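These are the residues of each chain, in order.
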Amino acid sequence: MGLDPITKFFIKLAISLYSYNQQRKAQKKAERAARASRSNVLVNKQSNNDPIYALYGKQRMGGTRVYVESSDGAGVITDKTTKLNMVLAMCEGEIGTVKVLYFNETIVWDVDDGGTLTANGNGGYTLAGFTSKYANFIICNWYPGSTTQTADSAMQTSVGASVWTSAHRLQGVCYFAMQLEANGEAFGGQLPVMTMIL
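Definitions and limits used
- Residues numbered from 1 in each chain as written.
- Predicted model: local features only at pLDDT ≥ 70, side-chain atom pairs only at ≥ 80, totals over all residues.
- Heavy atoms only, no water.
- Pairing = 2+ DSSP bridges.
- Helix = DSSP H or I, 4+ residues; strand = E, 2+ residues; numbered from the N terminus.
- Axes fitted to C-alpha atoms, helices over the stretch in contact; angles between N-to-C directions.
- Buried < 20%, exposed > 50% of the residue type's maximum accessible area, 1.4 Å probe, protein only.
- Polar contact = N/O pair within 3.5 Å; in protein donor to acceptor, adjacent residues only side chain to side chain.
- Contact = heavy atoms within 4.5 Å.

A. How the structure looks around the sheet that holds strand β10 (residues 173–181). Ordered by their spatial adjacency, 7 strands build an open sheet running β1-β3-β4-β10-β9-β8-β7, and the pairing between neighbours is mixed. Single-partner strands in this sheet number two, and they are β1 (45–46) and β7 (116–119). Of the strand pairs in this sheet, strand β3 (residues 64–71) and strand β4 (residues 83–92) are connected by 7 bridges, and their pairing is antiparallel. The residue bridging Ser-70 from the neighbouring strand is Leu-84, located in β4.

B. Molecular detail of the sheet that holds strand β2 (residues 60–62). Spatially, the 4 strands line up as an open sheet ordered β2-β11-β5-β6, and their pairing is antiparallel. A strand with exactly one partner marks an edge of an open sheet, and here the two such strands are β2 and β6 (106–110). Averaged over all adjacent pairs, the angle separating strand axes in this sheet is 25°, with direction ignored. Summarising the sheet, β2 and strand β11 (residues 194–197) pair through 3 bridges and their orientation is antiparallel. Residue Arg-60 lies in a different strand from β11, and its bridge partner there is Ile-197.

C. Looking closely at unusual backbone geometry. Even without being a glycine, Ser-132 presents a positive backbone phi close to 80°. You can see Ser-132 is positioned in the loop between β8 (125–128) and β9 (138–143). Exposure remark for Ser-132: the relative accessible area of 33% places this residue in the partly exposed category. The backbone of Leu-170 shows a phi angle near 50°, a positive value even though the residue is not glycine. Within the element layout of this structure, Leu-170 appears in the loop between α2 (153–159) and β10.

D. Local environment of the pairing of β7. In the sheet, β7 pairs with β8 via 4 bridges, with the strands oriented antiparallel. Note on β8: the bridge partner recorded for Thr-116 is Ala-128. Hairpin connection from β7 to β8: 5 residues lie between these consecutive antiparallel strands, with Gly-121 at a positive phi of about 85°.

E. Geometry of the side chain of Asn-122. Along the polypeptide, Asn-122 turns up in the loop between β7 and β8. Overall, Asn-122 belongs to the buried group, its relative accessible area being 12%. Here Ser-153 takes part through its side chain, which lies 3.1 Å from a polar atom of the side chain of Asn-122. Setting aside anything within four residues of it in sequence, one finds Asn-122 in contact with Tyr-143, Gln-149, Thr-150, Ala-151, Asp-152 and Ser-153.

Okay, structure coming up:
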């Protein structure tokens, strides 16, 4: 003897509602994971083994500090260090161009507002036309991630060619090579969170 049609209907309804509920839970879990991973994009991380993001389209993102060293700006890294040298790896593969550079939430360079890019002879570009209170304390080269870029010569000058050698090409990685000059008034004793629109 089988179940009557009304009981069958309610059993099917209960199964459908349970299935729908489970799908919604899975969707919400996936959305939370995606939000968490996106929030990670707007920070600077310090690591030599974190994954480097792939960039699709135009996006504001932070980078991974893959190199940090203080120096005097002329190759000496032991005495009177007034420059903080760092390399921020942004994304894997070659990209079009950098558009805006932020320190915390302050725009310090904007290609559409007086910021310039000049080819530096190493396969990258020197940024000029910085604005805000940070303007006089930044030297920055940007590399688009080509497979032919060579070692950043400004970094070699600042920390020494024996430290940042010609083998430090980071080919296939979009990155920024920066030197920040120590200034307590501009930086307030803290390293700003650097994000870029690429």
